[in-house]
Amino acid sequence: MRNQGFNWHDPILWAQGLGVSLGVFAASMILGTVIGIAIALVRVYRVPVAAPLLLTISEFLKNSPVLVQLFLVFFGVPVLLQVNITPAEAAIFTLTGNTAAFIAVIAISAMDAIDRGQLDAARSFGHSERSILRKIIAPQALVVAMPALIGLAVNQLQVTSLISAIGVIDLTKVGQILNQRTWQPFIVWTVIGVTYFILSRLLAAAGGRLETRLRRHMDWAGL
Amino acid sequence: MFWDGFLVTASVSALSIAGSFLIGVIVAFGAVSRRPFLRKAARGYIGLFRNIPFIVQVFFFYFGLPEIGVYIDAFTTGTMALSIAVGAYAADVLRSGIENVDTGVIEAAEVSGLSRFKIYRRIILPIALRVSLRPLGSVFINLVLTTSILSTITLNELTGNAKIVASDTFRPFEVYFFLLLFYCALTYLLSLLINLWHRHLNRFMRGAE
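Quick caveat, the model's predicted, so the values are computed rather than measured.

Chemist: Explain the side chain of A:T94 here, please?
Modeler: Residues and elements named next belong to chain A. In this fold, T94 is placed in helix α4 (residues 87-112). The exposure class of T94 is buried, given its relative accessible area of 5%. Dropping the residues within four chain positions of it, T94 is found in contact with Q69, L70 and V73.

Pasting the structure below:
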């Protein structure tokens, strides 16, 4: 028996899907940023073996479809290693790796943009490498990287929709469920599409505000 | 089976690259138009299709069009959806390319009596393309990767066929790992082609100077 038409439970389903999408997005974005920065540091400090290895892996992640990566992790890895993995775990694991690969590229080019003379100056003033990284490189690189980071975040939000294909009940999966039950594709997909659109716009606006604040902090204030 | 999937992926990619380029050019010229209405419409298009996940767009077309009596197959729906969505990305890249074209060049063309269309096609577009070609290349590489999503609307391209092979052979890891390498090779080949085009365009432009 198919229950045509919408009912009061549907908004709850929508909210749950929204929560799952946002949760996976936040988790993979935070973990991906940490790992991505680590990869960038390994590259910038030219750590032997690890640097080329990590860069090769991130090239593969950037040049293959995320959907295939999700299938590889969710269907392939459990068979290969004889372990159980839930769809949500597979989703966060894959998207984290994917985000890290892109964050690494952004972080490397942001650090490259910093004037070498500043580092020499800081060294001659007796700053430790750690303090140079924290007080001189990091704040400036963050400002340079901000526009690219906002673009990446908006993009990764769209990418989370793919986890519906391995069975995570995210916003897109909720759309598929409602679509199959009500047979009203236009309303269902318009609501889901508008939800993503608003989320993306909010994300971009928040990123933009953060960027202006960082810039204000960085600007040359005069003598 | 793998070969069949490859042919579908290749033809969807080729058709959508052409389609999205065409849409991209038109929308990009709209986005830099002097008419506020055209400009707003074009920028709205870019914003809309870039901020909604492609899979949602595909479902909208695939399930929505039959509701209004339009029945088209997964291949056509997929190609159309890809062209429309990637067209928005291409338009944004081309728009910044066009904005970088020296206005003096355009004024000179106007003075020499070229028609509006000829100025767009022969003067502005080639100059803008030279700047936009690399980012446009990564947009098209992304397009090839995005074709994999069409497996969700039962189109048996590379990923769709791989799903079938993986469940038939019970060797999902090998199948998907090979598929991943294959996509990498494919995008590498495409980036080589774009480099060639870039070099050709550069040589062509230098000859004109």
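Chemist: Can you help me understand the interface of chain A and chain B in this one?
Modeler: Often, the extent of an interface is quoted as the loss of accessible area on bringing the components together. Contacts between the two partners involve 37 residues from chain A and, on the opposite side, 35 residues from chain B. Across the chain A/chain B interface, buried area totals approximately 3,000 Å², and carbon plus sulfur atoms make up 79% of it. Its largest share of buried area at the contact with chain B, chain A owes to A:L72, A:F186 and A:W189, together 20% of the area lost on that side. On inspection of chain A and its partner chain B, the count reaches zero salt bridges. Among the secondary structure elements, those contributing two or more residues to the side of chain A that touches chain B are α2 (50-62), α3 (66-81), α6 (129-159), α7 (171-182) and α8 (185-218) of chain A. Grouping the constituent residues of the side of chain A that touches chain B by class yields 20 nonpolar, 15 polar and two charged.

Chemist: How should I be thinking about the environment of A:L152 in this particular structure?
Modeler: Residue and element names in this part refer to chain A. Tracing the sequence through the fold places L152 in helix α6. Considering only alpha carbons, one finds L152 and Q184, 32 residues apart in sequence, at a separation of 32 Å. Those residues in contact with L152 that sit more than four places away from it in its chain are M29, T99, F102, I103 and I106.

Chemist: What is the right way to read the UniProt feature "transmembrane region" (unreviewed entry) in chain A from this model?
Modeler: Residue and element names in this part refer to chain A. Listed under "transmembrane region" (unreviewed entry) in the UniProt record, and renumbered for this structure, are residues 20-45, 66-85, 91-111, 132-154 and 186-208. Here residues 20-45 runs as 96% helix and 0% strand, with 37 Å between its end C-alpha atoms. End C-alpha to end C-alpha, residues 132-154 measures 31 Å, and it is 100% helix and 0% strand.

The rules behind each value
Residues numbered from 1 in each chain as written. Chains lettered and ligands numbered in written order. Predicted model: local features only at pLDDT ≥ 70, side-chain atom pairs only at ≥ 80, totals over all residues. Heavy atoms only, no water. Helix = DSSP H or I, 4+ residues; strand = E, 2+ residues; numbered from the N terminus. Buried < 20%, exposed > 50% of the residue type's maximum accessible area, 1.4 Å probe, protein only. Contact = heavy atoms within 4.5 Å. Buried area = accessible area lost by both parts, 1.4 Å probe. Salt bridge = Lys/Arg side-chain N within 4 Å of Asp/Glu carboxyl O. Nonpolar A, V, L, I, M, F, W, Y, C, P; charged D, E, K, R; others polar. UniProt positions renumbered as here; feature names shortened; annotations may be inferred.

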